[in-house]
Amino acid sequence: MMKTVTLCLLAAGGFVAPALAFEFEPLPPPDPFEETAGVIATPGYRQHDKRHDLHYRTLLRSGDRRADQIFGLLHDRSGNLIHAPDGGPRISKKNDYSSLLTVDGRLFMLTHFEEIPGAIYLSELSQEPTSGLLSVTRTRPLDLAGVNGGWNHCAGSTTPWMTHLGTEEYEPDAAARDPESGAIDRYYQAMAAYADGNPASLNPYDYGWQLEIGVEDFDTVRVSKRHAMGRLSHEVGLVMPDRRSVYITDDAHNTALFRFVADRPGDLTSGTLYAARWRQTDTGGGGRAELDWIDLGHAEEAEIAAAIAKRTRFDDLFERSALDEDGRCTSGYTAVNTRFGPECLKLRPGKETLASRLESRRYAALLGATTEFRKMEGLTFDPASRRLFVSISLIDRGMQDHRHRAAADPAYDRGGPNHIRLDYNPCGAVYELPLDEHYVATAMRVLLTGHPVDDDPDNECDVDSIANPDNLTFLSDRGTLIIAEDSSQGHLRDMLWAYQPDQGRLTRLLIAPPGAEVTGSYYYPDINGWGYLMCTIQHPSEGPALTGYLGPFRAE
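Every chain is numbered on its own, with residues counted from 1 as its sequence reads. Only residues with pLDDT of at least 70 get local features here, since the model is predicted, and only at 80 or more are side-chain atom pairs given and counted; chain-wide, interface and lining totals rely on the full set of residues. Excluding hydrogens and water, the side-chain values take into account all heavy atoms of the structure.

Caption draft 1: A look at the sheet that holds strand E23 (residues 318-321). Note: two strands are recorded as paired if DSSP finds a minimum of 2 bridges between them. Each helix is a run of DSSP H or I of at least 4 residues and each strand a run of E of at least 2, with the numbering of both proceeding from the N terminus. On the basis of which strands lie adjacent, the open sheet formed by 3 strands has the order E23-E25-E24 and antiparallel pairing. At either margin of the open sheet sits one strand with a lone partner, and together these are E23 and strand E24 (334-338). The average undirected angle you get between the axes of adjacent strands in this sheet is 40°. Where E24 meets strand E25 (residues 341-347), 5 bridges bridge the pair, whose relative direction is antiparallel. Looking at E25, one finds that Ala335 is bridged to Cys344. To define axes, lines are fitted to C-alpha atoms, for helices over the stretch in contact only, and angles between the resulting N-to-C directions are given on a 0 to 180 degree scale.

This is the structure:
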């Protein structure tokens, strides 16, 4: 999910029973000839038959100055500025997810920058008590040297114990690391800017993790990478109400759906990791399946961290070879197909635990889990209906049956089990996953899809439905699912939607500027009597990225 960002916060006061009437005022579709390049937001909503105004309110723009700090400046591990190709300081327009944390009566915001090297900024906020309006009093970048830097920080969530749970997306392929130069690909080369320009000093196993960040005050922050939760292309991790179960989406092609169960509530340093096995029961629309869960084993964070510090290599975990012309492996090897392509793997003796965490997706494929999902993105939960919602940005590649888009192509199923066999949909879908009493998802079925069109020169997908859904959040007090788009071709201008599953009602809430992605959507139902739905406008074609909110909402 690499695109221009604007953040949206929805403010709401207290809790409102889902049964009460609530609806947003819809926006018309964007006019392709509209010259306005700014954010267009719904003007209001109705509740209890009473209308309320809404506004999109910006908290910070990329490049904004607060005292001696500039929001979005990137730094190396020594704290020096990283420079852009023109020689000036590099200021990111890729602000993404922002968490809101209340600590001893003070309000803080942690903001991701979806960059390599990555950045996270801490801001202190003030809240106007009679209106709920928020403003930023100061900001600063976090020092990530203690975790060897950050990598492409994408979506995130706030834990029930009030810590920030962030992500590192598109983990580097440790099997591709050149033993002499240390190079892997252009992303890894970009990370070398964090380490004095020397990729050989980097360790690929330092990147691709969940980050947990606890804030004590503006000057004291604890940053940890949660190695027991697995290494993959983390889009988002979401903690369930039991404070132990965490669902994790894996964003790329040929990826998996993961579930981590911590040993102790509120402690993510040890536990058991699982990966889903899709058992398809219907091919219609976006399809449906029963889900089995493959146990990838238990791990302790300290053991994995120690192996990384010793610079464990991919070859220490696996033997690897290529498939033959018939798509088969030499005896003793197992064929898998993951984000890194088809390959033959053999686990080295005694390396189960390390392989399960350092190479979680590959290890899951070895054990029979499904690694065929395409652009698995947002994740949210409705406690009232006990449903998890997951977005798939487009149904393509491994989710098809030996095809890529409209053409035959064996690349994404070659060597794999071909569990998922669906029709191509470039507009994507949102799925619902019912959970049992132990917060285990038992099935995955399509809830809402985008609709391809061939008669619109500006949009590949119907402008009155979703295109390439990305971040999700659920307004639990209003029975409403929020869907943000990351669409480069599906919609000319990305949008934010509200969907009420029980009524089947889809409402357009916000239209982003040209070139911008709508991301960072996350709902905070009650902060001192007000609630906030965060929303980011990332990398617009013109102007800075925005971190802000739509609101405020107030309880009746």
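Past the structure itself, the notes keep going.
Caption draft 2: View of the state of the cysteines. When two cysteine sulfur atoms lie within 2.5 Å, the pair is treated as a disulfide. Tallying each qualifying case throughout the model produces 2 disulfides. A disulfide bridge connects Cys329 with Cys344, and the sulfur atoms are separated by 2.1 Å. Given an S-S torsion of about -90°, the disulfide between Cys329 and Cys344 has left-handed geometry. Here Cys329 is found in the loop between E23 and E24, whereas its partner Cys344 is found in strand E25, with 15 residues between them in sequence. For Cys344, a relative accessible area of 0% translates into the label buried. Paired through a disulfide, Cys427 and Cys461 show a sulfur-sulfur distance of 2.1 Å. Disulfide Cys427 to Cys461: torsion about the S-S bond roughly -100°, handedness left-handed. Of this pair, Cys427 sits in the loop between strand E30 (407-408) and strand E31 (429-434) while Cys461 sits in the loop between strand E32 (443-449) and strand E33 (469-475); the two residues are 34 residues apart in sequence, bridging distant segments of the chain. Any residue under 20% of the maximum accessible area for its type is buried, any over 50% is exposed, and the rest in between are partly exposed; the area is computed with a 1.4 Å probe on protein chains only.

Caption draft 3: Spatial organisation of the nonpolar core. Grouped together as the largest cluster of nonpolar side chains are 56 residues, with contacts concentrated most on Leu100, Trp293, Phe373, Leu388, Tyr431 and Leu433. Contacts were defined at the residue level, with two residues in contact if any of their heavy atoms lie within 4.5 Å. The residues touching Phe373, leaving out its near neighbours within four places in the chain, are Ala252, His253, Asn254, Thr255, Ala256, Leu257, Trp278, Ile392, Met399, Ile420 and Met444. Only buried residues count toward a nonpolar core. Its members are Ala, Val, Leu, Ile, Met, Phe, Trp, Tyr and Cys residues joined through side-chain atoms within 4.5 Å. Of all hydrophobic cores here, the second largest spans 37 residues; its members include Ala175, Leu296, Phe314 and Ala369.

Caption draft 4: Expanded view of empty space enclosed by the protein. The rule is simple: put a 1 Å grid over the protein atoms alone, call a set of points where a 1.4 Å probe fits but cannot get out a cavity, call an open set with protein on both sides within 12 Å along at least five of seven lines a pocket, and count a residue as lining if it has an atom within 4 Å of a point. Grid points are joined across faces, edges and corners, and a volume is the space filled by probe spheres set on the points. Scanning the model with the defined rule gives 3 cavities of 30 Å³ or more in all. Empty space within the largest cavity amounts to approximately 80 Å³. Those elements that provide at least two residues to the lining of the largest cavity are strand E27 (376-382), E33 and strand E37 (517-527). With 3 residues, the single largest contributor to the lining of the largest cavity is E37. Classifying every residue of the lining of the largest cavity by side-chain character gives 6 nonpolar, 5 polar and no charged. Three classes are used: nonpolar for Ala, Val, Leu, Ile, Met, Phe, Trp, Tyr, Cys and Pro, charged for Asp, Glu, Lys and Arg, and polar for all others, with Gly counted as polar.

Caption draft 5: Seen up close, the layout of surface pockets. Put simply, the largest pocket is a space of about 700 Å³. Forming the boundary of the largest pocket are 26 residues, of which Thr158, Ser476, Tyr522, Tyr523 and Pro525 lie nearest the centre. Broken down by element, the lining of the largest pocket gets its largest block of residues, 6 residues, from E37. Each residue belonging to the lining of the largest pocket can be placed in one class, and the counts come to 18 nonpolar, 7 polar and 1 charged.

Caption draft 6: Quick peek at the packing of aromatic side chains. Any two of the Phe, Tyr and Trp rings considered here, Trp counted by its six-membered ring, make a pair once their centres fall within 6.5 Å; the pair's planes then place it as stacked at under 30 degrees, edge-to-face at over 60, or tilted in between. Scanning all chains against the criterion turns up 18 aromatic pairs. Note on Phe71 and Phe113: the rings are 5.1 Å apart at their centroids and 70° apart in plane angle, and the pair reads as edge-to-face. Pair noted here: Phe71 is in the loop between strand E8 (69-70) and strand E9 (95-103) and Phe113 is in strand E10 (residues 106-113), with a separation of 42 residues, a long-range link. Of the two residues, Phe71 and Phe113, both sit in the buried class. These aromatic residues form a ring-pair network of at least three members: Phe22, Phe24, Tyr45 and Phe553. Only Lys NZ and Arg CZ are tested; either one counts as a charge over a ring when it is within 6 Å of the ring centre and within 35 degrees of the ring normal. One cation-aromatic arrangement involves Arg138 over Phe218; the distance from NZ or CZ to the ring centre is 4.1 Å.

Caption draft 7: Spatial organisation of helix H2 (residues 301-309). Where H2 is concerned, the buried positions are Glu301, Ile304, Ala307 and Ile308. Taken down its axis, H2 places every buried residue within 130° of arc, on the same side. Away from its buried face, by an angle of more than 90 degrees, H2 presents the exposed residues Ala302 and Ala309. Immediately beyond the C-terminal end of H2, within one or two residues, lies Arg311, with a positive phi of roughly 60°. Arc definition: it is the arc formed by the directions from the helix axis to the C-beta atoms.

The quantities given are spatial measurements derived from coordinates; they are silent on function.
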